[in-house]
Amino acid sequence: MDRFTVLAEACSRFSQEVYHRTGTSPETDMKEMIERNVEIARFVFGKQSLETLATIYLYGSVGFAELRGALGPMSFTFLRGKLRQLEKAGFVQRDDAARGQNARYSLTHKGKMIARLGEPVFLYLRLAAGWRDAGPQSTARAQTDEDPASGTTEHA
C-alpha cells in the first residue's frame, strides 16, 4: 500500500510540473477549472462510460454482443449510443470491416491513456477495500445495491 502513496505523490508533483511548464496555475481561475473538471467527470465517469472504456481496454478488441454481455443488462440502443458518444470524443474506434452487431471496438491512443492512468485507481480500490477477497456473490450484490443519494443502481 505504501507504493500507492508514492504513486499519488508522484502524480501530484507531475501535475504541478505540467501546470508550471504550461504557464498555468490551478488557482488562476478556480471557478473555470471546477466547471471544466465537472464537465470532464460527468462525461468520462458518467453512466456506463468508465465501465465501457475499462472493459474494452481489458479485452483489447471486443464485439458488440460480447461487450454488452460483459457490462450487464442494458439496452442495445443505449450501448450503441454510448459507443457513438465515446467514438465522437476520440476514446473508442470501431473496426469498419464489420457492420452492425458484428462490429469490433477498441480504444484509441487517447482511450488507452485514460485506461492506463486509471488502472492504478482500480487496483488500489480492489486492494484497499478488500475487494480482491470478495466472492462472486458479494460482487453481484454490490452491483445491484441502490445508491440512496442518486436513486440509481451502483455498479462495482
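What counts as what
- Residues numbered from 1 in each chain as written.
- Predicted model: local features only at pLDDT ≥ 70, side-chain atom pairs only at ≥ 80, totals over all residues.
- Heavy atoms only, no water.
- Helix = DSSP H or I, 4+ residues; strand = E, 2+ residues; numbered from the N terminus.
- Buried < 20%, exposed > 50% of the residue type's maximum accessible area, 1.4 Å probe, protein only.
- Contact = heavy atoms within 4.5 Å.
- Phe/Tyr/Trp six-rings, centres within 6.5 Å; stacked < 30°, edge-to-face > 60°.
- Lys NZ or Arg CZ within 6 Å of the ring centre and 35° of its normal.
- Axes fitted to C-alpha atoms, helices over the stretch in contact; angles between N-to-C directions.
- Parallel < 35°, antiparallel > 145°, perpendicular 65-115°, else oblique.
- Left-handed = near helix turned anticlockwise from the far one by under 90°.
- Nonpolar A, V, L, I, M, F, W, Y, C, P; charged D, E, K, R; others polar.
- pLDDT = per-residue confidence, 0-100.
- Patch = residues over 30% accessible without salt bridge, like charges linked within 9 Å, V, L, I, M, F, W, Y side chains within 5 Å.
- Areas by Shrake-Rupley, 256 points an atom, 1.4 Å probe, with all protein chains shown as cover.
- Salt bridge = Lys/Arg side-chain N within 4 Å of Asp/Glu carboxyl O.

Asks: Tell me what's going on with the overall build of the protein, and back it up with residues and numbers.
Replies: If you tally the helices and strands in the protein, you get seven helices and five strands. Each helix and strand of the protein, ordered N terminal to C terminal, gives the series α-α-α-β-α-α-β-β-α-α-β-β. In the protein, which comprises 156 residues, the share counted as buried stands at 21%. Across the protein, the fraction of contacts at a sequence separation of at least 24, relative to all contacts at a separation of at least 6, is 45%.

Asks: If you had to explain the packing of aromatic side chains to someone new, which residues and values would you point to?
Replies: Overall, the coordinates contain three aromatic pairs when judged by the stated rule. Ring centres of Phe43 and Phe91 lie 5.8 Å apart, and the angle between their planes is 40°; this geometry places the pair in the tilted category. Separated by 48 residues along the polypeptide, Phe43 in helix H2 (residues 30-44) and Phe91 in the loop between helix H5 (76-88) and strand E2 (92-94) bring together distant segments of the chain. Directly above the aromatic system of Phe78 lies the positively charged group of Lys47, at a separation of 5.7 Å from the ring centroid.

Asks: Help me get a handle on the packing of helix H3 (residues 49-59) against helix H4 (residues 64-71), residues and values and all.
Replies: Running from amino to carboxyl end, H3 crosses H4 at an angle of 120°, the nearest separation of the two axes being 10 Å. One way to sum up the angle between H3 and H4 is to call them oblique. Regarding H3 and H4, the two cross each other, and that crossing is right-handed. Together, Glu51, Thr52, Thr55, Ile56 and Tyr59 of H3 and Glu66, Leu67, Ala70 and Leu71 of H4 make up the contact between the two elements. Residues that form the contact of H3 with H4 fall into these classes: five nonpolar, two polar and two charged.

Asks: I'd like to hear about the confidence of the model for the protein, residue by residue, with values.
Replies: When the pLDDT values of the protein are averaged, the result is 80; 77% of them are 70 or greater. Residue range residues 137-156 is modelled with pLDDT below 50. Its contacts to residues more than four positions away, or to other chains, number 19 contacts.

Asks: Tell me what's going on with a nonpolar patch on the surface, and back it up with residues and numbers.
Replies: Side chains of Met1, Val121, Tyr124 and Leu125 sit close together on the surface and give an oily, nonpolar patch of about 360 Å² of accessible area. Secondary-structure assignment places Met1 in the segment before helix H1 (2-22).

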